[in-house]
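Coordinate analysis (summary)
The lines below spell out each chain.
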Amino acid sequence: MSSSGPAIETRGITRAFDSRKGFLFREATRTEALRGIDLSVEQGSIFGLLGPNGAGKTTLTKILSTLLLPTSGAAYVLGHDVVREADWLRPRMGLVLGGERGLYNRVSGRENLRYFADLYGIPLGERESRIREVLGRVDLDGASDRRVEEYSRGMKQKLHLARGILHRPEILFLDEPTIGLDPKSARETRKLVRSLVADGVTIFLTTHYMFEAEELCPKLAILSKGRIVARDTVDRLRHLVGGDRTIEAEAYGFDDREVDSLHRLPGVSKIVTEEFGPVSRLTLRVRTDETGPEAVRAVLANHAELSVRERRTSLEDVYLDLVEEEAR
Ligand SMILES: Nc1ncnc2c1ncn2[C@@H]1O[C@H](COP(=O)(O)OP(=O)(O)O)[C@@H](O)[C@H]1O
Ligand SMILES: [Mg+2]
């Protein structure tokens, strides 16, 4: 470890993009992709950055991995400034951006890794054993001598990951690592991510899949329109939106009086109404032990057709509540 402090620390990071559009590109437009990001990420953990498309996830990942300059603010990785000490940081960081780019399709997976090993300055004597090691790690040994153009989407992503860990980085940035992968490859990728953390690598992972963040990340931040709208453990985020249990009631229409009565039950913090054709659904956020499905059933007792279900509030619920709030 290079320092005992946080793996990542940012203060007020902003990033704007200026572009031109309209007739003869006369109209200047400015996109504020990041609007003041304050983050602290511990070493040796997986930190998740969750947010919808366009939230600013890739922009922040690129700034932290020295690919892009911030407009203002400061960021430190392993205690070093990402702008002034980029040269010190680069060999200690790995970056895997999603997508098909960045690989040489006409040569084999192994040849690709040889090229990157030379780029990273891995000594020739160590090169082949290192490549064998990472190919095994991502489960590509069987296909390593085939041309990359014959690889499936999942195999290419594995090769990207192999490239990202070839130089044994202390910190690895993964930008939507499972996007577009079939379920099996996505599961294998998540397994690999966990095994890297077990080896002491710090992982900064972005995703727009709620369940993926919930499964992998003990701590996470939710990014919406360039701002962090929440930052905590999954459990505490559940409490933040007012309830760790969710009760859903469905029937053919509810009236306002019923919804008011439900609001008055103890521990109910929020009720969302949705219509699905003739069926209405009420989603209640409730605190443990204060209100259960029986109490909800009692209020709605005069519906002949009624379904009431209770479940743990998922991260998806939390996420939608927060991103919705931000949009208002
Ligand atoms: N090079 C660029 N030029 C102009 N606008 C950009 C550029 N890169 C990103 N943006 C804009 O910044 C915002 C955040 O983008 P991005 O970081 O890619 O979000 P995410 O990765 O969460 O989908 C979006 O509105 C996007 O259109
Ligand atoms: Mg992105």
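Going along each chain's sequence as written, the residues are numbered from 1 onward. Lettering for chains starts from A, numbering for ligands starts from 1, and both go in the order in which the items are written. A pLDDT threshold of at least 70 governs which residues receive local features in this predicted model, and a stricter bar of 80 or more applies before side-chain atom pairs are shown or counted, although totals over entire chains, interfaces and linings include all residues. In computing side-chain values, all of the structure's heavy atoms are included and hydrogens and water are not.

With that settled, the discussion passes to the pairing of strand 6 (residues 93-97). Burial runs high along strand 6: four of the five residues are buried. Note: strand 6 against strand 7 (residues 171-175), five bridges, orientation parallel. Directly across from Leu97, in strand 7, lies its bridge partner Asp175. Burial classes: relative accessible area under 20% of the type maximum marks a residue as buried, over 50% as exposed, and values in between as partly exposed (1.4 Å probe, protein chains only). Numbering goes from the N terminus for both helices and strands, where a helix is a DSSP run of H or I of at least four residues and a strand is a run of E of at least two. A pair of strands counts as paired when DSSP detects no fewer than two bridges linking them.

Below, the discussion takes up the domain arrangement of the protein chain. We note that the domain assignment places domain 1 (8-234) and domain 2 (242-312) within the protein chain. The straight-line distance from the C-alpha centre of domain 1 to that of domain 2 is 41 Å. Boundaries between domains were set according to an automatic or database domain assignment.

To continue, consider helix 9 (residues 256-264). Here helix 9 has its buried residues at Glu258, Val259 and Leu262. Projection of helix 9 onto a plane perpendicular to its axis shows the buried side chains occupying an angular sector of 100°, all on one side. Of the residues in helix 9, the exposed ones pointing more than 90 degrees away from the buried face are Asp256, Arg257 and Arg264. A contact between two residues is defined here by any heavy atoms of the two lying within 4.5 Å. Along its buried surface, helix 9 packs onto strand 12 (268-276), strand 13 (279-286) and helix 10 (293-299). It is the directions from the helix axis to the C-beta atoms that the arc portrays.

Quick look at the site of ligand 1 now. One heavy atom within 4 Å of a molecule or strand makes the whole residue count as near it. In the vicinity of ligand 1, the residues found are Phe17, Thr31, Ala33, Pro52, Asn53, Gly54, Ala55, Gly56, Lys57, Thr58 and Thr59. Whenever two N or O atoms come within 3.5 Å, that pair is a polar contact, provided that in protein one can donate a hydrogen and the other can accept it, and provided that, for residues adjacent in sequence, both atoms are side-chain atoms. Contacts to ligand 1 include Gly54, whose backbone N or O atom sits 2.7 Å from an oxygen atom. Taking Gly56, its main chain carries an N or O atom lying 3.0 Å from an oxygen atom of ligand 1. Note on areas: Shrake-Rupley with a 1.4 Å probe; residue coverage comes only from the protein chains shown. When ligand 1 sits alone it has 560 Å² of accessible area, and the protein chains cover 60% of it. Looking at the shell around ligand 1, the elements with two or more residues in it are strand 2 (27-41) and helix 1 (57-64). In terms of residue count, helix 1 provides more of the shell around ligand 1 than any other element does, three residues in total.

A separate point is helix 6 (residues 183-198). A helix is expected to reach a length of 1.5 Å times the quantity of its residues less one. With 16 residues, helix 6 extends 23 Å from end C-alpha to end C-alpha; this agrees with the ideal 22 Å at 1.5 Å per step. Within helix 6, the full set of buried residues consists of Ser185, Ala186, Thr189, Arg190, Leu192, Val193, Leu196 and Val197. Summarising the axial view, the buried residues of helix 6 lie within an arc of 160°, below the 170-degree limit, and thus occupy one face. Turned more than 90 degrees off the buried face of helix 6, the exposed positions are Pro183, Lys184, Arg187, Lys191 and Ala198. Buried-residue contacts for helix 6 involve strand 3 (46-50), helix 4 (124-137), helix 5 (153-165), strand 7, strand 8 (202-207) and helix 7 (210-216). Looking at the residues trailing helix 6, positive phi occurs at Gly200, about 100°.

Non-glycine residue Thr66 carries a positive phi angle of around 70°. Along the chain, Thr66 falls in the loop between helix 1 and strand 4 (72-77). Phi at Glu176 is positive, roughly 45°, even though this residue is not glycine. The class for Glu176 is buried, based on a relative accessible area of 11%.

The next thing to look at is the sheet that holds strand 14 (residues 307-312). By way of backbone hydrogen bonds, the strands of a sheet pair with one another, either parallel or antiparallel. If you walk across this open sheet you meet the four strands as 12-13-11-14, and the pairing is antiparallel. Looking at the sheet topology across the chains shown, the edges are occupied by strand 12 and strand 14. Taking each pair of neighbouring strands and ignoring which way they run, the sheet shows an average axis angle of 20°. Both strand 12 and strand 13 contribute to a ladder of eight bridges, which runs antiparallel. The residue bridging Val268 from the neighbouring strand is Val286, located in strand 13. Against the sheet, helix 9 makes contact with strand 12 and strand 13, and its axis sits at roughly 150° relative to strand 12, the strand it touches most. With axes taken as lines fitted to C-alpha atoms, and helix axes fitted only over the stretch in contact, angles between N-to-C directions fall between 0 and 180 degrees.

Our focus in this paragraph is the environment of Ser108. Mapping Ser108 onto the fold places it in the loop between strand 6 and helix 3 (109-119). Judged by its relative accessible area of 10%, Ser108 falls in the buried class. Sequence separation between Ser108 and Glu149 is 41 residues, and the spatial gap between their C-alpha atoms is 8.5 Å. Among residues more than four places away in sequence, those in contact with Ser108 are Ser144, Asp145, Arg146, Arg147 and Val148.

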